[in-house]
Amino acid sequence: MGPLSYPDLATRWSFELERAGCELGSADPVASCEQALEAALWPRESIDAVARVVAELWHNALEHGVLGLDSALKERAGGFSDYYVLRERMLRENRGGRVRVQLARVERHGQPLLAIEVEDSGQGFAPLAPRAPLPGRRSGRGLSIVRDLCESLEFNARGNVARAASAWDGTRPAGSG
């Protein structure tokens, strides 16, 4: 896929990482993104929040997009452990699929933003309206965390591309959430 789909935005800096097939099990996209952000002079105190966003979106793309795992498995007794055993087995057997992350410094109305895009080769999903995670659940918290850390989060119609944006200096705009 080409550059981030933010119409009327001028790209000033970008970083892209893609892993496919057997590389998916050993990829550490978060460390690579952290290094790229440090090199781009992103404020150190804000890199951790961006790393959490990248980690959550990458793992969602890998686990639910490429591998097709269902988080509902985590809800039954022993399910959390079963989920990760199955995840590791599927990663070892995986011969196809890919996940790509792109970070870009863009400007919208003269304000710098960090745009984060994660795409997977999976079937996608029907994105639901934002909701708070249900108390006591062992799954379903990830996108709420991303929404809390970013100015915006959206998905393409197919549900295999997630796009998030955050203020370039690492702060959240007033009233965002």
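In this report, the structure presented in the accompanying data block is examined. Treat the numbers as computed from the prediction; the structure is a model and nothing was measured.

1. Some words on the overall build of the chain
Helix and strand counts for the chain come out as four helices and five strands. Each of the 177 residues in the chain was classed as buried or not, and the buried ones make up 41%. Surface summary for the chain: the accessible area is close to 9,200 Å², and the carbon and sulfur share equals 52%.

2. As for the packing of helix α1 (residues 29-39) against helix α2 (residues 44-66)
Close contact between α1 and α2 brings their axes to 9 Å; oriented N to C, the two are set at 145 degrees. α2 is crossed by α1, and the crossing has right-handed handedness. Across the interface between the two elements, Pro29, Val30, Cys33, Glu34, Leu37 and Glu38 from α1 touch Arg44, Ile47, Asp48, Val50, Ala51, Val54, Ala55 and Trp58 from α2. For the contact of α1 with α2, the class distribution of residues is 10 nonpolar, no polar and four charged.

3. Remarks on the environment of Val161
Note on placement: Val161 falls in strand β5 (residues 161-167). Given a relative accessible area of 1%, Val161 falls into the buried group. Taking the C-alpha atoms as reference, Val161 lies 9.4 Å from Leu57; in sequence the two are 104 residues apart.

4. Concerning the pairing of strand β2 (residues 98-108)
For β2, the tally of buried residues reaches eight of 11 residues, placing the bulk of the element in the interior. Strand direction decides the pairing type here: β2 and strand β3 (residues 111-120), joined by 10 bridges, are antiparallel. By the bridge assignment, Val106 is partnered in β3 with Leu113.

Definitions and limits used
- Residues numbered from 1 in each chain as written.
- Predicted model: local features only at pLDDT ≥ 70, side-chain atom pairs only at ≥ 80, totals over all residues.
- Heavy atoms only, no water.
- Helix = DSSP H or I, 4+ residues; strand = E, 2+ residues; numbered from the N terminus.
- Buried < 20%, exposed > 50% of the residue type's maximum accessible area, 1.4 Å probe, protein only.
- Areas by Shrake-Rupley, 256 points an atom, 1.4 Å probe, with all protein chains shown as cover.
- Axes fitted to C-alpha atoms, helices over the stretch in contact; angles between N-to-C directions.
- Left-handed = near helix turned anticlockwise from the far one by under 90°.
- Contact = heavy atoms within 4.5 Å.
- Nonpolar A, V, L, I, M, F, W, Y, C, P; charged D, E, K, R; others polar.
- Pairing = 2+ DSSP bridges.

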